[in-house]
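The residues making up each chain are set out below.
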Amino acid sequence: MAQARWDELRELHAQGKGRNQISREMGITNSVVSRTAAHLGLEFDRSKIAAATEARLVDLAERRSLLAEDLIGDAEKLRAQMWEPTTVYAFGGKDNEYNEHTFNEAPAADKRALMGTAGMAIDRSLKLAPNEESSGVEAAKSMLSGLGEALSAFARAEDERDAQAEGDKA
């Protein structure tokens, strides 16, 4: 970055703007902002990034949990189909005739296919939400605790920055 733009970078940094926002406003790449800021001895507050990352992780965990529930529901529906009346049909013969027959429950080959598909759904659900955490209560407590700690750290950093700014004014 040209030295003539250093003051603009310092001003935006002093306003509390992050690297990405400064990059957009100045029309330069993130890496140029980072290198120039480091050269000027400026640091960016990363606590906001940590809190945002933690929040995204909590959101993703919730989405995985909901998907795991859907997969279990799918497995239950597939398993129930094994014991429901099933109509089997085929086209065949020299006149390509349509024939069908209804059974009290699915034929053995269909049961195997349904059970295999239900098993895959259960396996996938367990990968998304392992059995030990199936209730999700402990995992949710852990994630919320981590998020609370990140937010507290951010608040402390902001308080320190505000106190330092007031000290600089005096």
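J.: Any chance you could explain the packing of aromatic side chains here in plain terms?
T.: Two measures describe an aromatic ring pair: the distance that separates the ring centres and the angle between the ring planes. Under the criterion given, the structure shown has 2 aromatic pairs. Considering the side-chain rings of Phe91 and Tyr98, the 5.2 Å spacing of their centres and the 55° angle between planes classify their relative orientation as tilted. One aromatic cluster is present, formed by Tyr89, Phe91 and Tyr98 through successive ring pairs.

J.: When you look at a nonpolar patch on the surface in this model, what are you seeing that I'm missing?
T.: Taken together, the side chains of Ile72, Ile122 and Leu126 make up a nonpolar region of the molecular surface, amounting to roughly 210 Å² of accessible area. Here Leu126 falls in the partly exposed class, since its relative accessible area comes to 37%.

J.: When you look at the layout of surface pockets in this model, what are you seeing that I'm missing?
T.: When its volume is computed, the largest pocket comes out at roughly 600 Å³. For the largest pocket, the lining is made up of 18 residues, of which Gly16, Lys17, Glu43, Phe44 and Asp45 are closest to its centre. Mapped onto the lining of the largest pocket, the elements with two or more residues apiece are helix H1 (6–14), helix H2 (19–26), helix H4 (47–81) and helix H6 (137–169). With 4 residues, the single largest contributor to the lining of the largest pocket is H6. By residue class, the composition of the lining of the largest pocket is 5 nonpolar, 5 polar and 8 charged.

J.: Explanation requested: the pattern of salt bridges in the structure shown.
T.: Opposite charge on two side chains allows them to pair when their charged atoms are near. Following the criterion strictly, the structure yields 4 salt bridges and no others. Residue Glu8 pairs with Arg5 through a salt bridge whose shortest N-O separation is 3.4 Å. Residues Glu105 and Lys111 are paired through a salt bridge, measuring 2.4 Å at the closest nitrogen-oxygen approach. The class of Glu105 is partly exposed, set by a relative accessible area of 34%. Assessed through its relative accessible area of 16%, Lys111 is described here as buried.

J.: Before we go on, may I ask you to explain the nonpolar core in this structure?
T.: One recurring pattern in soluble globular proteins is that nonpolar side chains are buried together. Residues Trp6, Leu9, Leu12, Ile22, Met26, Ile28, Val32, Val33, Ala37, Leu40 and Phe44 constitute the largest nonpolar core, which totals 11 residues. Those elements that place two or more of their residues in this core are H1, H2 and helix H3 (30–39). Excluding anything up to four places from it in sequence, Leu9 contacts Met1, Ile22, Met26, Val33, Thr36, Ala37 and Leu40. Core analysis: the second largest hydrophobic core is formed by 8 residues, Ala75, Met82, Leu114 and Ala121 among them.

What counts and what doesn't
- Along each chain, residues carry numbers from 1 onward, in the same order as the chain's sequence is written.
- Residue-level local features of this predicted model are given only where pLDDT is at least 70; pairs of side-chain atoms are given and counted only at 80 or more, and the full residue set underlies all totals for whole chains, interfaces and linings.
- The side-chain values count all of the structure's non-hydrogen atoms but skip hydrogen atoms and water molecules.
- Working definition: a ring pair exists when centres of Phe, Tyr or Trp rings (six-membered ring for Trp) sit within 6.5 Å. Plane angles under 30 degrees give stacked, over 60 give edge-to-face, the rest tilted.
- Residues enter a patch when their relative accessible area is above 30% and they make no salt bridge; the linking distance is 9 Å between like charges and 5 Å between nonpolar side chains (Val, Leu, Ile, Met, Phe, Trp, Tyr).
- Where accessible areas are quoted, they stem from the Shrake-Rupley method and a 1.4 Å probe; at the residue level, only the protein chains shown are allowed to cover.
- The term salt bridge refers to a side-chain nitrogen of Lys or Arg lying within 4 Å of a carboxyl oxygen of Asp or Glu.
- A 1.4 Å probe rolled over the protein chains alone gives each residue an accessible area, and that area as a share of the maximum for its type sets the label: buried under 20%, exposed over 50%, partly exposed in between.
- Using only the protein atoms, space was sampled on a 1 Å grid; points where a 1.4 Å probe fits but cannot get out form cavities, open sets with protein on both sides within 12 Å along at least five of seven lines form pockets, and lining residues are those with an atom within 4 Å of a point.
- Grid points are joined across faces, edges and corners, and a volume is the space filled by probe spheres set on the points.
- Each helix is a run of DSSP H or I of at least 4 residues and each strand a run of E of at least 2, with the numbering of both proceeding from the N terminus.
- Gly falls in the polar group here, along with every residue not listed as nonpolar (Ala, Val, Leu, Ile, Met, Phe, Trp, Tyr, Cys, Pro) or charged (Asp, Glu, Lys, Arg).
- We call a set of buried residues a nonpolar core when its members are Ala, Val, Leu, Ile, Met, Phe, Trp, Tyr or Cys and they connect through side-chain atoms within 4.5 Å of each other.
- Should any heavy atoms of two residues lie within 4.5 Å, those residues are considered in contact.

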